[in-house]
Amino acid sequence: MADPQGFLKVVKREAAKRPIGERVKDWNEVYSHQPTSERAAEVSDQARRCMDCGIPFCHSGTAGCPLGNLIPEWNDLVRRGRWDAASDRLHATNNFPEFTGRVCPAPCESACVLSISEAATGGSVTIKRVEQTIADLAWEDGSIVPQPPTITTGKRVAVVGSGPAGLAAAQQLTRAGHDVTVYERDDRLGGLLRYGIPEFKLEKSVLDQRLMQMRAEGTHFVTDCEVGIDFTVEQLRESFDAVVLAVGALRARDNAEVIGRELDGIHLAMEHLVPSNKECEGDGPTSISAADKHVVIIGGGDTGADCLGTAHRQGAASVTQLDYNPALPGARDDSLSPWPSWPLVLRTSPAHAEGGVVRHQVAVQRFLGDERGHVRAMVLAEVEVQRDADGRRIVTPIGEEIELPCDLALFAIGFEGVEHGPLLDEYGLALTKRGALSCGPDWQTTAPGVFVCGDAHRGASLVVWAIAEGRSAAHGVDAFLTGHSELPSPVHPTALPLAVV
């Protein structure tokens, strides 16, 4: 059994990061390299802090991990040095633990029983670090191998989109014996894993090794193909027995009403991140570089932090990140977000430690341009954020205006939903008020044989939710094609994270 006093004996220790002065000069992942034996010993010790709780909230579908990862089980296996068995248990619920171990914000750790009183316990188990280490060591020792199907059903499935939801659905369906083809409109596979998340958070070699496994299992991939245009809906109907829409929610939110928005040098966040990632892939210099520029990032979320770290590595003269919300507290306030719900606390990424300034409760009022029509500054004002009767935010200027130098402005204020296009029109699919695609309890849309999962269904969300939905949609597709499915279905389409309302 687990050591019930392990958390009292072992101090919580996160993975060490490389020195800031070193890591901002390259695009490698921010964490320090550890020899395999040293890493395994340290992480095994960290796994001792897991108590194998009677009710493990860490893998609760609403409070913790939507995948239902068997966290106490693989923590105990790691504690005992049984890394091969730990990998088997981890992969039983998660197709891509090397992705989630790097980029998931770890709701499992917030729901860990040791998070109830971090001052007394020393903090949650380092679940995310244990997860990544299990996966990385399994890749290193060669125990992750292709798992081709033992049967073939004769059924053909098209998956539109190669982000984490699409890849999870495709792998599950291929292993169930279906003939699966994944269509991706970009020149490389991975969706936002490839071109949205910077290399310093997720090295693309990690993605490529998993894609190699999927190819060896029999999944087919087609890139540079936008379904609905390059490959028509009629061709889909003729060629496939079922279709999974995993097209994401890439319609970026903008603020076209701001005076001066039309000036050169003002972009959406993805217009900056995508070419920067392509440069890391060897496609030549980015078209939008922060080098020697005063950069202002509008938005305080993860995408803004990705822009921040990218600007540092491109050699920005200065970087300022704006957030119209007040700064959150450093510790959980039980009256606002009691355990085990997601805590409303101030979170920073490694990019914030690398430099730059974060300003809260401010919003851009207008942009100022030079004689060439390029942005040279922005005017800010302190603001107050309230909500109207319908829950919509109302941002009201309350303070004096401030002029801030700005050569490059990036809007990182979220996404509005699925992009419009002929694919949806020809299937007769309408978007909800949230800009997403609805579905029934079996993940099937109103178009027969057409299923949806991931951000296209949920709206912009976490990688772990995308994988959970991809796995669940695969169950729905398999049952639709064969009348029965033994594939896992970790989440229901209506499932939501636990929250205080």
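Residues numbered from 1 in each chain as written. Predicted model: local features only at pLDDT ≥ 70, side-chain atom pairs only at ≥ 80, totals over all residues. Heavy atoms only, no water.

In this section: the overall build of the protein chain. The number of helices and strands found in the protein chain is 19 helices and 15 strands. For a compact globule of 501 residues, the expected C-alpha radius of gyration is about 23 Å, and the protein chain comes in at 23 Å, within 12% of that figure. Across its three principal directions, the C-alpha atoms of the protein chain cover 65 × 65 × 50 Å. Taken over 501 residues, the protein chain has a buried fraction of 50%. For the protein chain, long-range pairs separated by at least 24 residues make up 69% of all intrachain contacts whose partners lie at least 6 apart in sequence. Once the 47 positive and 68 negative side-chain charges of the protein chain are each reduced to a mean point, those two points are 4 Å apart. (Helix = DSSP H or I, 4+ residues; strand = E, 2+ residues; numbered from the N terminus. Rg over C-alpha atoms; globule rule 2.2 N^0.38 Å. Buried < 20%, exposed > 50% of the residue type's maximum accessible area, 1.4 Å probe, protein only. Contact = heavy atoms within 4.5 Å. Lys, Arg positive; Asp, Glu negative; His and termini not counted. Charge placed at Lys NZ, Arg CZ, Asp CG, Glu CD.)

We now examine the UniProt feature "domain: FAD/NAD(P)-binding" (unreviewed entry) in the protein chain. Per the UniProt entry, the sites bearing "domain: FAD/NAD(P)-binding" (unreviewed entry) are residues 156-470 in this numbering. Split by type, residues 156-470 is 27% helix and 26% strand. Its first and last C-alpha atoms lie 17 Å apart. (UniProt positions renumbered as here; feature names shortened; annotations may be inferred.)

Read from one edge of the open sheet, 3 strands run β10-β11-β12, paired in antiparallel fashion. The open sheet terminates on both sides in strands that have one partner only, identified here as β10 (362-369) and β12 (393-405). Each adjacent strand pair in this sheet contributes to an overall mean axis angle of 25°, direction not counted. Across 7 bridges, β10 lies against strand β11 (residues 375-387) in antiparallel orientation. The partner of V364 across the bridge, within β11, is L380. (Pairing = 2+ DSSP bridges. Axes fitted to C-alpha atoms, helices over the stretch in contact; angles between N-to-C directions.)

Next up on the list: the pattern of salt bridges. Going through the model one piece at a time under the given rule, you end up with 35 salt bridges. Residues E14 and K12 are paired through a salt bridge, measuring 3.8 Å at the closest nitrogen-oxygen approach. Among the ionic contacts, a cluster of salt bridges with common partners joins D187, R188, R194, D208, E281 and D283. (Salt bridge = Lys/Arg side-chain N within 4 Å of Asp/Glu carboxyl O.)

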